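The chain contents come next:
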Amino acid sequence: MRLFKFLSPKPTISEKDITTGLRWLTLDGMVSQGFNSITTSGILAAYALALGANVSQIGVMAAIPFLMQTFQIFTILLVEKIRRRKVIAIISFFAAQLVWIPIALIPFLVLTPSTKAVYLLLGLLIVNGLFRSVTTPSWNSWIRDLVPQQILGRFFSRRMAFAGVVGAVFSLGAAFFVDHWSSVASVDYRILSYTFVLLFGTTFLGLASPIFMSLMPEPMMQPVEKHVMSLKQRLTAPLKDKNFKKLVSFLLFWNVASNLAIPFFAVYMLTRLGLPLSWVIGLSIISQLFNIIFLRVWGTLVDRFGNKVILSMCASLYLLVILGWLFTAMPERYFLTIPLLMILHVFAGIAMAGVNLSVSTIGLKLAPSGEAVSYLASASMATNIGTGIGPLIGGLMASFFDSRYLNFTFTWVDQSGTTQFPILLVNGLDFLFVIAFITGLATIGLLTSLREEGEVGSEIVLSSLLNPSRDFSRPMSSVPSLDFFNDFPFSYLKRVRIPGLDVALGVTIYQIAEIARMAAVTALRGRRLTQRLSKILERDISGLSKSREEIKKHGVEVSRQAARGAMHVVEEKSVDVEQVEGAIVTSVIKAVTRAGVDPEDAILGTSQGIIEGASETHSDIGSAARKTAEVVAKVSKQVHLSEESAITKVVEGTLQASETIGPEAFTQVKQSLSIQDGSCKIMPEQNN
């Protein structure tokens, strides 16, 4: 029927379709997060406590949505058979949102507080989770084909930032409403505040999400293979991919470890610390604010340095946050409780921004395009199983440790008597924080063997984050008290080893790109462009690291970013693009090889950077590829390589970079280099 034509997948997706789809996807994220801020935050935990739930039941409640996601394995075949991901996602998600209406009406259906009310809540959450399990695989596969790979980090960081703002507004508004209602209503009617909040959220946010989803275009799924795999084969295929299996293992154990503690933060503040709901939500707003601020930072770094290093660093930071909760009560609230809670929520927001962003994009990046449904379903299942098991174990542990405590006391004994100073009291939920921290450290070690294309060491990212602080301090260096910032030995930070991290010494890749751009601009002012650019690059790249081994280890990435950054000089006016491209290729290869980079790595990285830089500056990619091959053929002997070996690296680098940009760029490069059967037929031009 033409009426429902908008639900049909499109054989081809235009740039306009993608732009429109991303706009609706952003709006969907905003209303979804607005509703999720009500149904997955401290508000739902407070509602469950008002219904009569205990700590173990809170753990079960937190686990249900994620354990239900394991049923998505049956949706994989449904998606492959019907091949209408949009229809499946919208219908199932709409049904899931409707379930929140009877959840909100529980006080009208049964006596509260009571065991029956808690069981009804848990039962309805199971139904909601089942519908959501149908949504997830179809949604993941759909979005994987809609969002261009090269902007995954930037787009999702922007989407999550907008969604975070909406979530903060609605969650804080809901919390103030609940506190106000509780202060003016009688005891019997206080629970109705949660009913009104949930009904409002469902009507104006929850049901708006499927509407926005329906306006997003769906690319047609790739043709079915002649040999149709069984459900078992589809489920085991990702696990036979050794690299993807490592990601699945990390997602499983990380979510078990972290969710031993995370679901109980709100309960801890409401019960142990005695904070009002508005304070609990207000602190979560602080976390969301810094989450939003750092989403853009992490999004840029994810696109530049890869997901793995950001995930490792942010996961480690979050574990330190979990451990910090031990000191919020000594053993009850004290004068440092609120300041410490604020600090913990600040760093929690920073850390979770990186964790959530990198987790959401690393699976999309590592999943083969033809098998996205099963691969992404496996990653999602691992995440949800871990997130479901964690609260269950945490709830049981909380009940076990509720009547137990561990007291650390400093005792001073002298002739006048004995003096004791309490240092730390671990009690109840405190044990969960310690256990989560220890198990989390072991889990991060699983990331060390995961391989991601273009990955770099964490020190490269740390250096990029530290460089702005140095730039900030330079204008004030004439003030003696502020010399500390300039003179602070940041190299000491490299010696700090966080257990479980694969820390590799390297150079600042982001800084290299900027140095190369500025060097190219400076060199343009002179007559001998190549010679000046080569000298500047060699000096500055070598100056980034005291060890040639560090530069050599990251040779491809150093060369790539140097060439990529220098290519932005073509944005200057009155520039002969071809002359500049040739000078950049020659200069970068010479500079990085003199700095310690292997010649083959130098050519490979330079070729990648030229194509990426050409794309970013809207230059002719095909012409850039051909010019790179011509210049490399001329300089190959100067770096002690045969012309054939050098051209092979050019082909490899230009094809890799163009394939990431898109099919059109890939075709341009192949045609420009006359590549047939993997070999390059180009005849480099002779010197004039």
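Note that the structure is predicted; figures quoted are calculated from it, not measured.

Engineer: Quick question: what am I supposed to make of the overall build of the chain here?
Structural biologist: When helices and strands are counted, the chain shows 30 helices and four strands. With 688 residues in all, the chain has 52% of them scored as buried. Considering only residue pairs separated by 6 or more positions, the chain has 81% of its internal contacts joining residues 24 or more positions apart. About 31,800 Å² of surface is accessible on the chain, with carbon and sulfur atoms providing 61% of the total.

Engineer: Help me understand the nonpolar core in this model?
Structural biologist: Nonpolar side chains tend to gather and get buried jointly when the protein is soluble and globular. Ranked by internal contacts, the top residues of the largest apolar core, which has 125 residues, are Tyr-47, Ile-103, Leu-277 and Trp-325. The greatest single-element share of this core, amounting to 14 residues, is contributed by helix α17 (residues 337-366). The contact partners of Leu-277, leaving out residues within four places of it in the chain, are Gly-42, Ile-43, Ala-46, Ala-175, Val-178, Asp-179, Tyr-194 and Leu-270.

Engineer: Explain a nonpolar patch on the surface to me, please; I cannot follow it from the model alone.
Structural biologist: A contiguous nonpolar patch, built from Val-60, Ile-389, Leu-392 and Ile-393 and spanning about 240 Å² of accessible area, is present on the exposed surface. It is helix α18 (residues 372-401) that provides the largest number of residues to the nonpolar patch, a total of three residues. The residue Ile-393 is located in helix α18 in this model.

Engineer: Which parts of the structure should I look at to understand the packing of aromatic side chains?
Structural biologist: Aromatic ring pairs are described here by two measures, namely the spacing of the ring centres and the angle between the planes. Per the counting criterion, the structure on display carries 18 aromatic pairs. Both rings, one in Phe-170 and one in Phe-200, keep their centres 6.4 Å apart while their planes meet at 35°; by these two values the pair is tilted. Taken as a pair, Phe-170 in helix α9 (residues 152-184) and Phe-200 in helix α10 (residues 192-206) lie far apart in primary sequence, 30 residues in all. In this structure Phe-170 comes out as partly exposed when scored by relative accessible area, which is 26%. Aromatic pair Tyr-334 and Phe-335: ring centres 5.8 Å apart, planes at 90°, arrangement edge-to-face. Three or more aromatic residues joined by ring pairs make a cluster, and in this case those are Phe-265, Tyr-268, Trp-325 and Phe-433. Over the ring of Phe-400 we find Arg-404, and its NZ or CZ is 4.0 Å from the ring centre.

Engineer: Teacher, can you tell me more about the side chain of Asn-291 here?
Structural biologist: Within the secondary structure, Asn-291 sits in helix α15 (residues 277-305). Apart from the residues within four sequence positions on either side, Asn-291 is in contact with Gly-349, Ile-350, Met-352 and Ala-353.

Engineer: When you look at the packing of helix α27 (residues 599-616) against helix α28 (residues 621-635) in this model, what are you seeing that I'm missing?
Structural biologist: A pair of packed helices is captured by two measures, namely the crossing angle of their axes and the spacing between those axes. Two elements in contact, α27 and α28, have axes whose closest approach is 9 Å; the angle formed by their N-to-C orientations is 155°. With respect to their mutual orientation, α27 and α28 come out roughly antiparallel. Here α27 and α28 pass one another in a crossing that is right-handed. Across from Ile-603, Ser-607, Ile-610, Ile-611, Ala-614 and Ser-615 in α27, the residues of α28 making contact are Ile-621, Ala-624, Ala-625, Thr-628 and Val-632. Its residues placed into classes, the contact of α27 with α28 shows eight nonpolar, three polar and no charged.

Engineer: Explanation requested: helix α8 (residues 115-146) in the structure shown.
Structural biologist: Helical geometry: 3.6 residues make up each α-helical turn, so side chains three or four residues apart lie on a common side. A rise of 1.5 Å per residue sets the reference length of α8, with its 32 residues, at 46 Å; its end C-alpha atoms lie 45 Å apart and thus fit the reference within 8%. At Thr-135, α8 shows its largest bend, some 25°, and a proline, Pro-137, comes one to four positions later.

Engineer: Can you walk me through the environment of Gly-52 in this structure?
Structural biologist: Locating Gly-52 in the fold gives a position in the loop between α2 (42-51) and α3 (55-67). Residue Gly-52 is classed as partly exposed on the basis of its relative accessible area of 38%. If we ignore the near neighbours within four places in the chain, the residues touching Gly-52 are Gln-57, Pro-113 and Val-118.

Engineer: Where do I start with the side chain of Ser-559 in this structure?
Structural biologist: Mapped onto the secondary structure, Ser-559 falls in helix α25 (residues 555-566). Aside from chain neighbours lying at most four places away, what touches Ser-559 is Val-588, Val-592, Val-597, Asp-601, Ala-602, Gly-605 and Thr-606.

About the cut-offs
Residues numbered from 1 in each chain as written. Predicted model: local features only at pLDDT ≥ 70, side-chain atom pairs only at ≥ 80, totals over all residues. Heavy atoms only, no water. Helix = DSSP H or I, 4+ residues; strand = E, 2+ residues; numbered from the N terminus. Buried < 20%, exposed > 50% of the residue type's maximum accessible area, 1.4 Å probe, protein only. Contact = heavy atoms within 4.5 Å. Areas by Shrake-Rupley, 256 points an atom, 1.4 Å probe, with all protein chains shown as cover. Core = buried A, V, L, I, M, F, W, Y, C linked by side-chain atoms within 4.5 Å. Patch = residues over 30% accessible without salt bridge, like charges linked within 9 Å, V, L, I, M, F, W, Y side chains within 5 Å. Salt bridge = Lys/Arg side-chain N within 4 Å of Asp/Glu carboxyl O. Phe/Tyr/Trp six-rings, centres within 6.5 Å; stacked < 30°, edge-to-face > 60°. Lys NZ or Arg CZ within 6 Å of the ring centre and 35° of its normal. Axes fitted to C-alpha atoms, helices over the stretch in contact; angles between N-to-C directions. Parallel < 35°, antiparallel > 145°, perpendicular 65-115°, else oblique. Left-handed = near helix turned anticlockwise from the far one by under 90°. Nonpolar A, V, L, I, M, F, W, Y, C, P; charged D, E, K, R; others polar. Expected span 1.5 Å × (residues − 1). Bend = angle between axes of the 7 residues up to and from the residue.

This is a description of form; function is not addressed.
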